[in-house]
Protein chains: 2
Amino acid sequence: MIDYQAPLRDMRFVLYEVFDVAADWARWESLSELVDRETADAILEEGAKLVSKTLSPLYRTGDEQGCHWQDGKVTTPTGFKEAYQIYSEGGWTGLSGNPDFGGMGMPKALGAQFDEMSCGANLGFMLYPSLTSGAALAIDAHASEAIKSLYLPKMYSGEWAGTMCLTEPHAGTDLGIIRSKAVPADDGSYRVTGTKIFITGGEHDLSENIVHLVLAKLPDAPAGPKGISLFLVPKIQVNEDGSLSEANAVSCGSIEHKMGIKGASTCVMNFDGATGYLVGELNKGLNCMFTMMNYERLFVGIQGLGSAERSYQNALAYAKDRLQGRAATGAAQPEKEADSLMVHGDIRRILMNIKALNEGGRAFSTYVGQQLDKTKFGEDDERRKAAGLVALLTPVAKAFFTDMGLECCIAGQQVLGGHGYIAEWGQEQLVRDVRITQIYEGTNGIQSLDLLGRKIAANEGLFFRLFADEVRAFINNSENSEFVPALENALNQLEQATEQLLKQTADNPNTINAACVEYLHGFAYVAYGWMWAQMAEVAQAELQTGTNDNDFYKAKIATARYFYKRLLPRGSALLTAATSGVEELYGMSDEQF
Amino acid sequence: MIDYQAPLRDMRFVLYEVFDVAADWARWESLSELVDRETADAILEEGAKLVSKTLSPLYRTGDEQGCHWQDGKVTTPTGFKEAYQIYSEGGWTGLSGNPDFGGMGMPKALGAQFDEMSCGANLGFMLYPSLTSGAALAIDAHASEAIKSLYLPKMYSGEWAGTMCLTEPHAGTDLGIIRSKAVPADDGSYRVTGTKIFITGGEHDLSENIVHLVLAKLPDAPAGPKGISLFLVPKIQVNEDGSLSEANAVSCGSIEHKMGIKGASTCVMNFDGATGYLVGELNKGLNCMFTMMNYERLFVGIQGLGSAERSYQNALAYAKDRLQGRAATGAAQPEKEADSLMVHGDIRRILMNIKALNEGGRAFSTYVGQQLDKTKFGEDDERRKAAGLVALLTPVAKAFFTDMGLECCIAGQQVLGGHGYIAEWGQEQLVRDVRITQIYEGTNGIQSLDLLGRKIAANEGLFFRLFADEVRAFINNSENSEFVPALENALNQLEQATEQLLKQTADNPNTINAACVEYLHGFAYVAYGWMWAQMAEVAQAELQTGTNDNDFYKAKIATARYFYKRLLPRGSALLTAATSGVEELYGMSDEQF
């Protein structure tokens, strides 16, 4: 497997040329002191070095060795400890962290690029520091000042890692029925008891402490989701001066044997009256989780994108190198015993599919990142509108990036034929690794339900209108005659489908659950169509004004054409399916299945 | 993971009620002595016991332990040897073998059911005996009587296993460039030298001998595919009386570490002047392979189908058992803390997708099996027509069953959420195992090229017309007003797309390669539409005449409705994409990718 290279040129293209994020940064006072294009470019370049030189080479080792559990201790694969050290010392864990506590405070549009390259280079490794970043986000948003100043600096520096402890054996999607208990102690802390499963990084040998964020219920808490509270439970107790005290009553019972991301430990965690500290208000634990959820979900989506980019790089290198068969139009390399795979239409189709989906996805992740930044740094109207867009688009990004992530990893594997199936070339690991991204942080079915139920139906399409108006404004202002008519058609169909589903839901409450997955995909193709129209417009303008990067911009336009002709129609078929009614799903009894 | 159960009721439905294969058997003299419905049912029931009691329980063991190579010897997982013994003694290896040499001579329509259930129960295990059956088929068709009587009885009995040695490190799809050499010896045998890779069952500890069928070239052979010959190279040389002599110059250099089917050894085989015997004519090795190719390709397709059925059974059991969330229409099991997953629309959608694809696939595999039987047992017109249909439909079955096999295994995994990702529930193994079926025995890209290039364009649609005429005859004779109009539309679109592609190919030879994958899928949905219309018609008739199996037939009709509403439209979108031209695939230089 070749080592991963960050697609820096394309990242700069979406950041600066398509979405002009540097203008936002300059406009927002708190951010303008921290970052400009020059700083951001330096970060991207340092990031690119880190991921290709330190993370990417450990990709296969992580899978081959996996993690090992013995007597409650977990050993990570060879090299992870050293890489974690380098990663931590570079300050990457705190890249988007609060500067008041030692974070770098970088905007998400930039962070999204680093997320993509680091997850593309080594997803299994990246789960450790990224869980820490996520936990720190929740702590920063909801914990007391005392907790923040005690924990955040150590977490941003990577000295202490973090986890999220939500799932229990009987409760995954349905957190309302969790059984973990928290009993108040006299000193204001709590004694937390329960078993949590599927805890990524629940135990490992990378950091001197691990900070668990645990969902649990007080003995007298209301039933269901409204009785859940959030607790910070350190693996090793922490003195007031930040030094480590004695071990807490937290133990790792075992780790899972799983399909992929074997470099990441997936733990069963037992809390036996462990000392924990309330984060946020009592019984508002799920709300605290929701605060960070948009960041986390976008991040998990980007894991799919990064994996798909790696699949592209690997498959492309193989396709250029491997000689097999002859071009249908006659030998392209007559001096060799066969032509490269690149001459074959189906190979090009596979590569174009991946390329069009990845670049469309990169633009979309940057756009959503920019909206997240607006919710954080913007004011009033800008902030409110961005919040609606983020709420709407985050489940789309999470589910679609990861569904396409699997599609693209499988497609890349197919380019390699039998060599794609053996471990040597790394493609099969990409497939196994990326598969989890469709499942964790809310399965893609749950994302779809969130989109159509909570984000669209629950507010009668208010957020949806924000999005549709943005696309329509682009359509009305654009002078691009090549793509705009098709985009307008697609948007019209999406608007009609949305309206139709809202009506069908009124008649049959099962509609949302039955239609949501296909609807989300249909939605995403329209959103990507918008991204591609914008990118093509920028590329066209560059070519007209003269550029020394002709090949790059021409490839953009060629890929936009491919997307519009071969991929956008998928969306139309999906929306038709989504709106075709739910009767057929309930036409049989459970026993007839 | 629950143990696999053969879907016997549905197998009998397609065999006897939909395609009335027993009438064929009675009609064909050579077959009527061997099999009737009663015998076939007994075989199906014995097979079902074998697969659920002997093969299925070894499914996870095979994956967990995998195969081990040491000093050229390969050890298979615990229990494989005993299972192989039971399998062999039951005569299953020779199920479709030539009765003149100890085979059971069973028709393929029946064999297809056993293939499905055995591969559903344990794909990794099944590769050993099925490669033997495949090699025996080639030997039976092309080898001398002396070779046949020496080798076939021992292969049908499982005492000796078989392999196919085609791929070399630099030559997979493109066999024309293989480098293995065969030099004539004075005694009429050959000395075979070369390295073959990806050889399933190349070495193992299950049988006392292994019979390799090896593609190689004579020193003076013509270049390319027309210089390839086929040789039988035993691992241990065989005396004229069938007793074993000394070891041949064949060795296993290593085994591959791969994504799945870990119970099956995938070997690098070295032939160092090994003694081999010509099978068929010199330089006609590829033709000899083609003889058995339709059987093998259908069989590999059926591996996808069997895996998908197992995914369905596993996901369905989980969905019924797992309590999570509440029905959108109000609590379905108010006495429990949550409802079963079966109440959720998206879960039902996933299960209906799998069910509709599996049952459509089972009908199609039985239909193709029936056509294969016609080519073998039928006469004149019936035989010729069936040969055309088999040639046309085999690549469709291979590629579509396995592509849908992966889709259905992934979909089933998604039903289990996080539990689908860990090894415990077996779903992730299904995904890893089934993935190979899209790659080996000709990648699905190659199958698609075969369909559109060799089977359609090369004869200007002759075979295609055979198929379209069959579907149209059904449409014209059917009284089913519910499905026939949609089927007719779908057929019309397929006919138009086919015609259009033949024209586009004349203008641009890249068309076939660029359009073939989407075309094959579009074709398959129409074929499944035909299957479902036939099944619905039979079910409707049964319900009208009165039956004590109401639930079964009503479920058939409900599933047919689902297929027509939610899945058939996919075919239309695919055919539109397939015919949209190839310009976009060649709009960039290789460097711009």
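Note: the structure precedes this text.
How each quantity is defined
Residues numbered from 1 in each chain as written. Chains lettered and ligands numbered in written order. Predicted model: local features only at pLDDT ≥ 70, side-chain atom pairs only at ≥ 80, totals over all residues. Heavy atoms only, no water. Helix = DSSP H or I, 4+ residues; strand = E, 2+ residues; numbered from the N terminus. Rg over C-alpha atoms; globule rule 2.2 N^0.38 Å. Buried < 20%, exposed > 50% of the residue type's maximum accessible area, 1.4 Å probe, protein only. Contact = heavy atoms within 4.5 Å. Lys, Arg positive; Asp, Glu negative; His and termini not counted. Charge placed at Lys NZ, Arg CZ, Asp CG, Glu CD. Least-squares fit on C-alpha atoms with pLDDT ≥ 70 in both. Expected span 1.5 Å × (residues − 1). Buried area = accessible area lost by both parts, 1.4 Å probe. Salt bridge = Lys/Arg side-chain N within 4 Å of Asp/Glu carboxyl O. Polar contact = N/O pair within 3.5 Å; in protein donor to acceptor, adjacent residues only side chain to side chain. Arc of directions from axis to C-beta.

This part covers the overall build of chain A. Scanning chain A from N- to C-terminus turns up 19 helices and eleven strands. Relative to the compact-globule value of 25 Å for 593 residues, chain A shows a C-alpha radius of gyration of 24 Å, a close match. Out of the 593 residues in chain A, the part that is buried amounts to 65%. At a minimum sequence separation of 6, the contacts of chain A that also span at least 24 residues come to 74%. Counting 51 positive and 75 negative side-chain charges, chain A places the averaged centre of each group 4 Å from the other.

The next thing to look at is the relation of the copies chain A and chain B. Aligned on chain B, chain A shows an RMSD of 0.0 Å; the corresponding rotation is 180° and the shift along the axis is 0.0 Å. Given the turn and translation reported, the copies of this chain are related as if by a two-fold rotation axis. Taking the C-alpha atom as reference, chain A places Ala573 of chain A closest to the rotation axis, 3.2 Å from it. Taken together, the interface assignments show that 100% of the residues at the interface of chain A recur at the interface of chain B, consistent with an identical surface on both copies.

For the rest of this paragraph, the subject is helix H17 (residues 484-507) of chain B. All names here are of chain B. Between its first and last C-alpha, H17 extends 35 Å over 24 residues, near the 34 Å set by a 1.5 Å rise per residue. Turning to H17, its buried residues number three or more, namely Val484, Leu487, Ala490, Leu491, Leu494, Glu495, Ala497, Thr498, Leu501, Gln504 and Thr505. Tucked into the core, H17 has its buried residues touching helix H15 (444-456), helix H16 (462-477), helix H18 (511-545) and helix H19 (550-578).

Glancing now at the interface of chain A and chain B. Taken together, the contacts link 88 residues of chain A with 88 residues of chain B. Of the roughly 7,600 Å² buried between chain A and chain B on both sides combined, carbon and sulfur atoms contribute 56%. Considering only the side of chain A, the residues that lose the most area to chain B are Tyr421, Arg566 and Phe593 of chain A, jointly responsible for 12% of the buried surface there. Summed over the shared surface of chain A and chain B, the number is ten salt bridges. A salt bridge links Glu584 of chain B to Lys565 of chain A; the nearest nitrogen and oxygen atoms lie 3.4 Å apart. Here chain A is connected to chain B by 57 residue pairs in polar contact (both at pLDDT 80 or more).

Before going further, it helps to examine helix H9 (residues 145-156) of chain B. Residue and element names in this part refer to chain B. The end-to-end C-alpha separation of H9 is 16 Å, in line with the 16 Å expected for twelve residues at 1.5 Å each. Within H9 the residues assigned to the buried category are Ile147, Lys148, Tyr151, Leu152, Met155 and Tyr156. The arc that holds the buried residues of H9, viewed along the axis, is 120°, so those residues lie on one side. Looking at the buried residues of H9, the elements they touch are helix H8 (123-142), strand S3 (160-165), strand S6 (209-217), strand S7 (228-234), strand S8 (236-238) and strand S11 (266-279). Where H9 terminates, the next one or two residues include Gly158, which has phi positive at roughly 80°.

On to the pairing of S3 of chain B, then. Burial of S3 of chain B is extensive: six of the six residues sit out of reach of the surface. With burial as the criterion, each face of S3 of chain B is covered, one bearing Trp160, Gly162 and Met164 of chain B and the other bearing Ala161, Thr163 and Cys165 of chain B.

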